[in-house]
Amino acid sequence: SAEARIDMIRALVSAVPKRPDLELLVKPHPIEAPESILDLFAATPNVTILSRETNLKHLLEDADALVTFFSGSAFDALASGKPVLNLAFPNSYRDRVFIEGGSTFVAENGADVEKFLDIIQGLEENAGSALSELRTAGYNFLDSWFEFRQGNPSARILDLIINPMNRERDVL
């Protein structure tokens, strides 16, 4: 529901100011109006709202992690070796893919959001091993997803994401 989505955004909004070393860049979904989230982040320090057109690939190059609502952008982040926090979104058909794959951290409440941010910032005990496990799970998930989709156009696209050198010689 839209209300559950807003509640998870509020959980993120409340966690960010507690971490002055954290910079949160918010890129609205391409079909989402930026105004729909501006009010939620309006008075939050260390948050920047970006344009919908901002290139995700460039953001991921410098990002420590990705926070999303089970978006396809999680595939890009996982392929880049970035840990992903999926904010629980009831009745999302995509959540099964990531949850069953064990490839991402899933936050169902504000405490889960805070724990993930602590891991990313190295504040959680065993944060290094937790991040390493998430990265390994992400790569394993992509490998298994790719094998399952072999021959499917989606697999071809995923291969181009994982193996950028193929872009020069392959045509979709």
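None of these values were measured; they are calculated from a predicted model.

Focus on the overall build of the chain
Inference 1: Within the chain, the secondary structure is distributed over eight helices and five strands.
Inference 2: Element order for the chain, N to C, with α for helix and β for strand: α-β-α-β-α-β-α-β-α-β-α-α-α.
Inference 3: Counting over 172 residues, the chain shows a buried share of 40%.
Inference 4: The contacts of the chain with a sequence gap of at least 6 include a subset with a gap of at least 24, amounting to 48%.
Inference 5: Within the structure as shown, the chain displays about 9,900 Å² of accessible surface, and the carbon and sulfur contribution to it stands at 52%.

Concerning the nonpolar core
In summary, soluble globular proteins display a tendency toward joint burial of nonpolar side chains.
Inference 1: Core analysis: the largest hydrophobic core is formed by 27 residues, its most contacted members being Phe41 and Val113.
Inference 2: Mapped by element, the contributors of at least two residues to this core are helix 1 (2-15), strand 1 (24-26), helix 2 (35-41), strand 4 (84-87), strand 5 (105-107), helix 6 (110-120) and helix 7 (127-148).
Inference 3: Those residues in contact with valine 113 that sit more than four places away from it in its chain are Met8, Ala11, Leu12, Ala15, Leu85, Leu87 and Ala107.
Inference 4: Among the nonpolar cores identified, the runner-up in size contains 13 residues, and Phe75, Phe98, Phe141 and Leu142 belong to it.

Criteria and cut-off values
Residues numbered from 1 in each chain as written. Predicted model: local features only at pLDDT ≥ 70, side-chain atom pairs only at ≥ 80, totals over all residues. Heavy atoms only, no water. Helix = DSSP H or I, 4+ residues; strand = E, 2+ residues; numbered from the N terminus. Buried < 20%, exposed > 50% of the residue type's maximum accessible area, 1.4 Å probe, protein only. Contact = heavy atoms within 4.5 Å. Areas by Shrake-Rupley, 256 points an atom, 1.4 Å probe, with all protein chains shown as cover. Core = buried A, V, L, I, M, F, W, Y, C linked by side-chain atoms within 4.5 Å.

Honestly, that's just the spatial picture; any functional story needs more than this.
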